[in-house]
Amino acid sequence: MKNTRLLAPLALAAAAALAAGVATLLKKPAEAAAPAAAAAPAPKAPAAPKTRMVGTYSFISGFQNAVTVEMNMDYDGEKYSFVVIEDEFPSYSSDSHVAVVYGEDFNMQLEYAAYYGGEDFAAHCVHLGEKYQGIQPVRYGKLEGVSYIDGDNMCLNLAIPGDANSYLLVTLMKNPDYDEDYTTLPNHPDVGYMLSSLRFQNL
């Protein structure tokens, strides 16, 4: 019982430390560049795709003064397909529509998610630490975020630059023919290529 009582405070402390680190990365990218590289190694870069395609996903961010945000992502059209769907999601979502990348090794679901009132990305990370285990910082190109295990899936939460209302939730789902453990998916070279290419703009 004594050990059990100690786990919750330790988990909260770890989550708070992680959130503080993410907040530092977001506020001071230049100063935190070297520590970020050590804490969140970038996935290995894949070979240049033979057929570069661009997938587009748009969503409404915010309630008051809401804006339409457009996300664009590069992918290899010979290895993957990109679709925006409104039902039969690979992973549960309460959103009206999500973007899905289908591939041989994995499927990837991308969707917008709103912060709770008064929350920012650092506070969001603290809440994640209260609910999930194994949270780790991740970086894809200029995007910072965290990864964690949710059942048999790997989830990534990425802060959207300049968006105080929403973040991007990415769910990675292993396919049966993929020989590696599903926990390796955040470091898959193709995941790294696609997520590092993410671009956001307000319409």
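Residues numbered from 1 in each chain as written. Predicted model: local features only at pLDDT ≥ 70, side-chain atom pairs only at ≥ 80, totals over all residues. Heavy atoms only, no water.

A.B. asks: I would appreciate a short explanation of the pairing of strand S6 (residues 136-140) in the present structure.
C.D. replies: Within a regular strand, the side chains alternate between the two sheet faces. Burial runs high along S6: four of the five residues are buried. Between the end of S6 and the start of strand S7 (residues 143-150), which pair antiparallel, lie two residues, with Gly141 showing a positive phi angle near 60°. (Buried < 20%, exposed > 50% of the residue type's maximum accessible area, 1.4 Å probe, protein only. Helix = DSSP H or I, 4+ residues; strand = E, 2+ residues; numbered from the N terminus. Pairing = 2+ DSSP bridges.)

A.B. asks: Please clarify how the sheet that holds strand S9 (residues 166-174) should be interpreted in this entry.
C.D. replies: A sheet is described by the order of its strands in space; here seven strands give the open sequence S3-S4-S5-S9-S8-S7-S6, paired in antiparallel fashion. Edge strands, defined here as strands with exactly one partner in the open sheet, are strand S3 (81-85) and S6. The average undirected angle you get between the axes of adjacent strands in this sheet is 25°. Bridging between strand S8 (residues 153-159) and S9 involves six bridges; their strand directions are antiparallel. Each residue of the ladder has a partner; that of Met154, found in S9, is Leu172. Packed on one face of the sheet, helix H3 (residues 121-131) meets S7, S8 and S9 and runs near 15° to S7. (Axes fitted to C-alpha atoms, helices over the stretch in contact; angles between N-to-C directions. Contact = heavy atoms within 4.5 Å.)

A.B. asks: Hey, could you run me through the pattern of salt bridges in this one?
C.D. replies: When charged atoms on two side chains of opposite charge get close, those side chains can pair. All told, the structure shown has three salt bridges when counted by the stated rule. A salt bridge links Arg52 to Asp74; the nearest nitrogen and oxygen atoms lie 3.2 Å apart. Here Arg52, found in strand S1 (residues 52-61), pairs with Asp74, found in strand S2 (residues 67-76); they are 22 residues apart in sequence, far enough to count as distant. Here Asp74 falls in the buried class, since its relative accessible area comes to 8%. Note that Asp190 is salt-bridged to Lys79, the shortest N-O span being 2.7 Å. Placement of Asp190 in helix H4 (residues 189-196) and of Lys79 in the loop between S2 and S3 is noted, with a sequence separation of 111 residues between them. A relative accessible area of 11% means that Asp190 is categorised as buried. A residue is classified by how much of its surface remains accessible, and Lys79, at 44% relative accessible area, is partly exposed. Several salt bridges converge on common partners, so that one network encompasses Arg52, Asp74 and Arg199. (Salt bridge = Lys/Arg side-chain N within 4 Å of Asp/Glu carboxyl O.)

The quantities given are spatial measurements derived from coordinates; they are silent on function.
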